[in-house]
Structures are given as C-alpha cells and as structure tokens.
Amino acid sequence: MARGTARRRADERGRTSDKGRSGQRSDARGRERGGDTVRAQVDGGAAALVPDPDRPQAWSLLLDGAPQSYVDLDDPTRLGFEYQRRLGHVVDLLAPPGRPVQVLHLGGGALTLARYVAATRPRSTQQAVEADEALTRLVREHLPLEPGRRVRVRSGDARAALRKLPEAWADLVIADVFGGARTPAHLTSVEFLHEVRRVLRPAGWYAANIVDGAPLRHLRAQIATAAAVFPQRCLLADPAVLRGRRFGNGVLLAAADELPVAELTRRTAGDPHPGRVESGRSLDAFTAGAAVVTDATATASPPPPEGTFG
C-alpha cells in the first residue's frame, strides 16, 4: 500500500477526479457511486476507487483520502506512484525478463506489484497477504485479476502468514503493510526480519516501502535493523525525503549477496521524479547512531502530517 507522498500527478487526480458527490447512491452492500468513483467502508476506513480521467481502465485506490495504489487494468506494467516504480526496478533486476519468480507480498492493496510481476514474468507464483478482507473483496470485484494469473490472496496478519511459509520459499519478499496510515510495530523489528530471511532463498531479496519525515528516526532505525540481518542494503528515495524536507516513501532493499546498486542508481535517476540510491558508506553515515528495533522496543511508523494528502 502506498502511504506517504505518492506520485504527485496521481495524487492530484485522486482529489480532482472525486466528482459527482451530490448524485451518490448506495447499493445493498453499502457501496456508493459518485460519478465514476466507487466508495466503500472497509476494515481500514473509507475506501475510494478513483478513475484516471486520461485512461479508461486506470484507478487510484485511496483509504481515508490517502493514496494506496494505482492500477491500470489495460497496462499492468504501468506503475503510477514513485515508490511503485522503484519496486518495479527491483523486480526487473531480480531476474531476467520472462523468468518466473516466487514472490511474497506482505500487504495486498490493489495488487499493483503482483499484477506487474505476473505481466512481466508469466508463470510466476505469488502470494499476497492482506489483513483487510473487505478491501480485498472490493478490489476483486472492481479491479479483478486477469484469468490465469498465479496470485493467491490470503487474509490475515502479515507476520503470522510469514511464519506459516516454508524455509527458502521466496525469491522476493515485498513489505508494504499499513494500518491507519502507519506500519504496524510488529512488522518493524529484527525478529520480523529474521523470519523474512528464513523464508527467502539464499539469493533472495527483501524490499520494504517505508514512510517517514524529519527527523527520519523511523527510516534510520529500519535501515539499522535490516543491517543486523542482511549484509547488503541500499535505499531508494526522493532526495527531498532523504533531506527531511518532506514526508514520503523510501524503498529499502536488502539481501545476503551483492545488490545491483549501479543499475538501480541509473534507473532511479531516470524516473519521472528522479530519485537517489544510498548504499555502502553513505548509507552507513545516514544511519549512524540508530538503534536496532526489537519486538520489545518496536513502535508503529509515524503518522503523516496533517495536510500531506491535500
């Protein structure tokens, strides 16, 4: 799920396309339609599927006004939010195009990255874990997966689902879990990351969407925690986020073996909103002084400041 600042244009569309409220009507399941916007009360709050006025089968998912996901059913390789594009770079560098992979998505949302993997690497096996069952039903009804996609969506807690998976099952674990605009505390600890590493294959990668703002204590602590489990790490983010000038997303990538930092740097710099990749000494300097998070000390990620989403 996207929390923090998603792609500016997509966020603006999510607000300006919300039209026709005076003509809303409810169906038997409590959903409302205002213009083309689909609304529903889900476990995590007020959900809205907002159409992209420029693309007939593209939608933004919002929860309580915060952008979560962007999906283009006509082109699932089109990633609308900055952090989603950076996760797309990770998928593209994990394995050659077309090679099937096994991916675990902690946090389902609108299944944007699962759709991307299925489109770019057919025959991949994927599992997505989403705690919000009502949200999953909404997405399945209005943004259905194409037939034949090998994506299994499970309901439940991400950490509990992780414990049930066999050792060395996944090539990639993507953590993008939010409740009430915050990552739950029990998904931020070193014990959680040890469980992630158990599920990863020896050459597998762990990628996490982390949101924070000045003074970036949470982001630094998450990198320090990853360093206690994974020898190799890098961080992909907007320079303004890294300087603490705005609240936003960073993508942490961690692994046991060397990561393709140079290629990630090139691709991230070429994004519509160019990002920066920190690794090695520069990442260590960024993290200096941050303590490893344990189950005993874990707290949820910070809430977005008032007005973050307009």
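One can find the structure itself at the top, above this paragraph.
Quick caveat, the model's predicted, so the values are computed rather than measured.

S.K.: It is not clear to me how the overall build of the chain should be interpreted in this structure. Could you clarify?
M.R.: The number of helices and strands found in the chain is 10 helices and 14 strands. Long-range contacts, defined here as pairs at least 24 residues apart, represent 70% of the contacts in the chain between residues at least 6 apart. About 13100 Å² of surface is accessible on the chain, with carbon and sulfur atoms providing 48% of the total.

S.K.: Whenever I open this one, the pattern of salt bridges confuses me. Can you help?
M.R.: Once their charged atoms are close, side chains differing in charge can pair, the charge on each being opposite to the other. For the structure shown, the criterion picks out 14 salt bridges. The partner of arginine 121 in a salt bridge is aspartate 92, and the shortest N-O contact between them spans 3.5 Å. One end of the pair, arginine 121, is in the loop between helix H3 (112–120) and strand E8 (125–130); the other, aspartate 92, is in helix H2 (residues 82–94), with 29 residues separating them in the sequence. When the shortest N-O distance is used, the salt bridge between arginine 198 and glutamate 195 registers 2.8 Å.

S.K.: Just to check I follow, could you spell out unusual backbone geometry for this structure?
M.R.: With the exception of glycine, the majority of residues adopt a negative phi angle, and the majority of peptide bonds are in the trans configuration. For the bond running from alanine 214 to proline 215, omega is 10 degrees, close enough to zero to count as cis. One can find proline 215 in the loop between strand E11 (200–212) and helix H7 (217–227). The phi angle at arginine 123 is positive, at roughly 75 degrees, despite the residue not being glycine.

S.K.: Please clarify how the packing of aromatic side chains should be interpreted in this entry.
M.R.: Aromatic rings considered in pairs are described by the distance between their centres and by the relative angle of their planes. If you walk through the whole model with that rule in mind, you get two aromatic pairs. Relative to phenylalanine 81, the ring of tyrosine 70 lies with its centre 6.4 Å away and its plane at 50 degrees, an arrangement referred to as tilted. Remark: phenylalanine 81 occurs in the loop between strand E6 (66–72) and H2 and tyrosine 70 occurs in strand E6; sequence separation between them is 11 residues. Overall, the relative accessible area of 1% leaves phenylalanine 81 in the buried class. Between tyrosine 206 and phenylalanine 230, the ring centres sit 6.0 Å apart and the planes meet at 5 degrees, which makes this aromatic pair stacked. Separated by 24 residues along the polypeptide, tyrosine 206 in strand E11 and phenylalanine 230 in the loop between H7 and strand E12 (232–237) bring together distant segments of the chain.

S.K.: Whenever I open this one, the packing of H2 against H3 confuses me. Can you help?
M.R.: Axes are the key here: two packed helices are described by the angle between their axes and the distance separating the axes. Following both chains from N to C, one finds H2 and H3 inclined at 35 degrees, their axes separated by 11 Å at the closest point. For the element pair H2 and H3, the recorded crossing hand is right-handed. Here Gln84, Leu87, Gly88, Val91 and Asp92 of H2 come into contact with H3, specifically with Thr112, Leu113, Tyr116, Val117 and Thr120. Tallied by class, the residues present in the contact of H2 with H3 amount to five nonpolar, four polar and one charged.

S.K.: What am I meant to see in the sheet that holds strand E9 (residues 151–155) here?
M.R.: Sheet strands line up and pair through hydrogen bonds in the backbone, either parallel or antiparallel. In space, the eight strands of this open sheet follow the order E9-E8-E7-E10-E11-E13-E12-E14, with mixed pairing throughout. Lying at the two open borders of the sheet, with one neighbouring strand each, are E9 and strand E14 (276–279). Here the strands of the sheet are splayed against their neighbours by 15 degrees on average, with no regard to which way each runs. Pairing of E12 with E14, which is carried by four bridges, proceeds in the antiparallel orientation. The residue of E14 that forms the bridge with leucine 235 is glutamate 278. Docked against the sheet, H3 engages strand E7 (102–106), E8, E9 and strand E10 (170–175), running at close to 175 degrees with respect to E8. Contacts between helix H6 (residues 190–199) and the sheet are confined to E7, E10 and E11, with E11 contributing the most and set at about 145 degrees to the helix.

S.K.: So what exactly am I meant to see when it comes to the pairing of E6 here?
M.R.: Regular strands place side chains that alternate from one sheet face to the opposite one. For E6, the tally of buried residues reaches seven of seven residues, placing the bulk of the element in the interior. Here six bridges tie strand E5 (residues 58–63) to E6, and the two strands are oriented antiparallel to one another. Within E6, the position partnered with serine 60 by the bridge is tyrosine 70. The antiparallel hairpin formed by E5 and E6 contains two residues in its connecting segment, where aspartate 64 sits at a positive phi of about 50 degrees.

S.K.: In this structure, what is going on with the side chain of glutamine 126? I would like to understand it.
M.R.: Note that glutamine 126 resides in strand E8. For glutamine 126, a relative accessible area of 1% puts it in the buried group. A polar contact is formed between the side chain of glutamine 126 and the backbone oxygen of alanine 114, at a distance of 3.0 Å. Ignoring anything within four residues of it in the chain, the contact list for glutamine 126 reads Val103, His105, Leu113, Ala114, Val117, Ala118, Arg150, Val151 and Arg152.

S.K.: What is the right way to read the environment of leucine 235 from this model?
M.R.: Of note, leucine 235 is situated in strand E12. On the basis of relative accessibility, which here comes to 0%, the residue leucine 235 falls in the buried class. In this structure the C-alpha to C-alpha distance between leucine 235 and alanine 207, which are 28 residues apart in sequence, comes to 9.6 Å. Leaving out residues up to four positions away in the same chain, leucine 235 has contacts with Leu219, Ile223, Leu242, Gly250, Val251, Leu252, Arg276, Val277, Glu278, Leu283 and Phe286.

About the thresholds
- Residues numbered from 1 in each chain as written.
- Predicted model: local features only at pLDDT ≥ 70, side-chain atom pairs only at ≥ 80, totals over all residues.
- Heavy atoms only, no water.
- Helix = DSSP H or I, 4+ residues; strand = E, 2+ residues; numbered from the N terminus.
- Contact = heavy atoms within 4.5 Å.
- Areas by Shrake-Rupley, 256 points an atom, 1.4 Å probe, with all protein chains shown as cover.
- Salt bridge = Lys/Arg side-chain N within 4 Å of Asp/Glu carboxyl O.
- Phe/Tyr/Trp six-rings, centres within 6.5 Å; stacked < 30°, edge-to-face > 60°.
- Buried < 20%, exposed > 50% of the residue type's maximum accessible area, 1.4 Å probe, protein only.
- Axes fitted to C-alpha atoms, helices over the stretch in contact; angles between N-to-C directions.
- Left-handed = near helix turned anticlockwise from the far one by under 90°.
- Nonpolar A, V, L, I, M, F, W, Y, C, P; charged D, E, K, R; others polar.
- Pairing = 2+ DSSP bridges.
- Polar contact = N/O pair within 3.5 Å; in protein donor to acceptor, adjacent residues only side chain to side chain.

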